[in-house]
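# Fold and contact review
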Amino acid sequence: MSFFYLSPIKGDMPLYLLETIITKRIEYLKSILRQEEAFYSEYMVEGGIFDNVGYFMLCILSILNNKDEFTRFILHSEKELFKLRLRSLSAYDLRCFSKKLLRAIRKLNTTPTYIKPLQVLCQHLMLRELAHHVGQTHDDNCCMYSIPMKFQYCLQLIAARQVEITNGIARIACCKWKYFLIQLFHTQLKYRLQNTNLTNLRNDMRVMDLLGRLKEQLFNLTYHPRLELKSTEVDQASTYFPPCMLNLHKNLRQKHRMSHIHRFNYSLFLKDIGMPIEEAISFWKTEYKKPSEAHSCCHNWDNDEKKFVYGIRHLYGLEGSRKTYTSVNCQKVQSSECSISEGGCPFKTFDSNTLLKLLNVNNNEILCLQINELRIQKKYISACQMYMQNKYRNNVLYTDYSFNFSPIKFFRNAINSN
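A brief report on the enclosed structure follows. Here the structure is a predicted model, which is why all the values come from computation and not from measurement.

One open sheet accounts for three strands, arranged S1-S3-S2; its pairing is antiparallel. The sheet is open, and its two edges are formed by strand S1 (146-150) and strand S2 (164-166), each paired on a single side. Each strand axis lies, on average, 30° off the axis of its neighbour in the sheet, ignoring direction. As paired elements, S1 and strand S3 (residues 169-173) share five bridges and run antiparallel to each other. Opposite Lys150, over in S3, you have Ile169 as the bridge partner.

Here you go:
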């Protein structure tokens, strides 16, 4: 077995042991994120039975649990664990690892898109000369060897401008091979979480009982710091806003009014990135006290203060049914009926000139061409992700940006780049 986890092992195991394996793995992953010194655990031996079971059980619980925070934890921590293990491999271990992966690939019944580049990469890493060359002391800027790869397989490297492309073929330098392998691991984990159907397991009382006992641990896993956003800091914070929310913010600052649905969505976005209710009231009061002749909205703060305050308190779960509202994801933004008039997803509704002006991108940049290509294919979320990755490529932590993407996730990745 390999710690790339292409396939689960088969067999029976007591339920109490499953619970122990999961608990120990979560503890180990949390210690990695805290950057504590690695400790020995019989449940985390690389490629062992417990290691394989723990990985796939966390994937199962993540899918059944369906909580974004836990999913983010799995994606980030498992990637960091894989990165740590990969860096510790000697040249001999790297060759053995590659050979195991190639044998596992040959046994697969289905071949997702990430399998082909993984196979090509392993065919190179299993060679003695190349394995020694990219060993633990490999130069980060070395380009002595390279692998030709179709550009579709390495879009993240292209977006980060770390490869050269000729006639649709990207050449991945040897200094990027391990980085590419880490990306492929992350891709297969996201693919597994998104495409695995576990409907039958929801009727398995043993699994659901196990999930119930572990819920306290699963719900408390997060690595995103929560900021407190003041009403006077929104302009500064807007540097990290996704294009959809940045457009709403600019329109609000220009016209001092906003239609109901977009005010609702923008308020929830500000709440979920850390704006307390007192600051929210102050923020909207400042805008709606200003006169506006460029918007159809006829409300103003002096006449409608009670209505505005009640609406804001309602969004924060303090009035009415006291429901806890959360901000919308990208699919909801794109489906907004009034998106063209004022907001919505710029990648879907804006013409090219308006979009480029909002993104502050030149028409002749490679990024512009890539975004336009994705827009033609109606891959609006992918276009937004590419823009995010390009703008914040220096230090941003790419952990979950393509899994159930949302404006909040865009902001969190962007703010982490600071």
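And the narrative resumes.
Time to look at the packing of helix H18 (residues 366-376) against helix H19 (residues 380-391). Orientation of H18 relative to H19, taken along the N-to-C sense of each, is 165°, at an axis distance of 8 Å. In terms of their interaxial angle, H18 and H19 are classed as roughly antiparallel. Between H18 and H19 lies a crossing whose hand is right-handed. Between H18, through Leu367, Gln370, Ile371, Leu374 and Arg375, and H19, the contact on the second element is made entirely by Tyr380, Ser382, Ala383, Met386, Tyr387 and Asn390. Taken together, the residues that form the contact of H18 with H19 break down as seven nonpolar, three polar and one charged.

Time to look at the side chain of Asp272. The topology assignment puts Asp272 in helix H12 (residues 260-272). Since its relative accessible area comes to 17%, Asp272 is described here as buried. A polar atom in the side chain of Asp272 sits 2.9 Å from the backbone nitrogen of Ser327.

On inspection of all chains with the given rule, the structure shows 10 salt bridges. Across the salt bridge formed by Arg85 and Asp51, the nearest N and O atoms sit 3.2 Å from each other. Here the residue Arg85 occupies a position in helix H3 (residues 68-87), and Asp51 occupies one in helix H2 (residues 49-65), the gap between them amounting to 34 residues. The two residues Arg85 and Asp51 agree in class, both being buried. Put simply, Arg313 and Glu319 hold a salt bridge, and the shortest N to O gap is 2.8 Å. Overlapping salt bridges bring together Arg25, Asp51, Glu78 and Arg85 as one network.

Thresholds, definitions, all that
- Residues numbered from 1 in each chain as written.
- Predicted model: local features only at pLDDT ≥ 70, side-chain atom pairs only at ≥ 80, totals over all residues.
- Heavy atoms only, no water.
- Pairing = 2+ DSSP bridges.
- Helix = DSSP H or I, 4+ residues; strand = E, 2+ residues; numbered from the N terminus.
- Axes fitted to C-alpha atoms, helices over the stretch in contact; angles between N-to-C directions.
- Parallel < 35°, antiparallel > 145°, perpendicular 65-115°, else oblique.
- Left-handed = near helix turned anticlockwise from the far one by under 90°.
- Contact = heavy atoms within 4.5 Å.
- Nonpolar A, V, L, I, M, F, W, Y, C, P; charged D, E, K, R; others polar.
- Buried < 20%, exposed > 50% of the residue type's maximum accessible area, 1.4 Å probe, protein only.
- Polar contact = N/O pair within 3.5 Å; in protein donor to acceptor, adjacent residues only side chain to side chain.
- Salt bridge = Lys/Arg side-chain N within 4 Å of Asp/Glu carboxyl O.

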